[in-house]
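# Architecture at a glance
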Amino acid sequence: MSESYHGHGGHELFIVDNSAEGWTGLRYLSEWCTITKSFDIAYYSKIIVALNETIPIMGRIDEVIEAHGGWSMAFVHSPA
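Note that the structure is a prediction, hence the values are computed from the model and not measured. (Residues numbered from 1 in each chain as written. Predicted model: local features only at pLDDT ≥ 70, side-chain atom pairs only at ≥ 80, totals over all residues. Heavy atoms only, no water.)

### Considering the confidence of the model for the protein chain
Here is the rule we go by: Every residue gets a pLDDT, meaning the predictor's confidence in that residue, from 0 to 100. By definition, any uninterrupted DSSP run of H or I lasting at least four residues is a helix, any uninterrupted run of E lasting at least two residues is a strand, and each is numbered from the N terminus.
When pLDDT is averaged along the protein chain, the result is 75; 69% of the residues meet or exceed 70. Within the protein chain, no element has a lower average pLDDT than strand 1 (residues 2-6), which sits at 49, and none a higher one than helix 2 (residues 41-67), at 89.

Okay, structure coming up:
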């Protein structure tokens, strides 16, 4: 069971029952926080943005290749 109240600065705080399950969750969160300290969030955010922008471009490339006969014919040059 948890209770909430407004602490210093007006932020809502939660007090959680520290049962065995709760402590298991606490250990998990503690380990996760330790691991994520080494992550450079800005760097990974840029990778996510790049991937999100790349996926539609890949789809358009696939459409053009398909319109030109698929992969086996897309890059064949016919004599002029």
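### Here's the deal with the environment of I65
Heads up, the rule is: Note on contacts: a residue pair is in contact if any heavy atoms of the two residues lie within 4.5 Å.
Along the chain, the position of I65 falls in helix 2. Put simply, I65 and F75 are ten residues apart on the chain and 8.5 Å apart in space, counted from C-alpha to C-alpha. Setting aside chain neighbours within four positions, we find I65 in contact with G70, W71, A74 and F75.

### A short note on a nonpolar patch on the surface
So the rule is basically this: Patch membership requires over 30% relative accessible area and the absence of a salt bridge. Like charges are linked within 9 Å, and nonpolar side chains (Val, Leu, Ile, Met, Phe, Trp, Tyr) within 5 Å. The Shrake-Rupley method, run with a 1.4 Å probe, gives the accessible areas here. Residue values count only the displayed protein chains as cover. When a carboxyl oxygen of Asp or Glu lies within 4 Å of a side-chain nitrogen of Lys or Arg, that pair is called a salt bridge. Whether a residue is buried, partly exposed or exposed follows from its accessible area with a 1.4 Å probe, protein chains only, as a fraction of its type maximum: under 20%, in between, or over 50%, in that order.
Residues Y28, L29, W32, I35, F39, I41, Y43, Y44, I47 and L51 make up a contiguous nonpolar surface patch of roughly 1100 Å² in combined accessible area. The element that contributes the greatest number of residues to the nonpolar patch is helix 2, accounting for five residues. If you trace the backbone, I47 turns up in helix 2. Residue I47 is classed as partly exposed on the basis of its relative accessible area, which comes to 33%.

### Details of the packing of aromatic side chains
Applied cut-off: Between rings of Phe, Tyr and Trp, where Trp is taken as its six-membered ring, a pair exists when centres lie within 6.5 Å; planes separated by under 30 degrees are stacked, by over 60 edge-to-face, and by other angles tilted.
Inspection of every chain in the model, using the stated rule, returns one aromatic pair. Ring geometry for Y43 and Y44: centres 5.3 Å apart, planes at 80°, overall edge-to-face. We classify Y43 as partly exposed; its relative accessible area is 49%. Y44 sits in the partly exposed class, given a relative accessible area of 42%.

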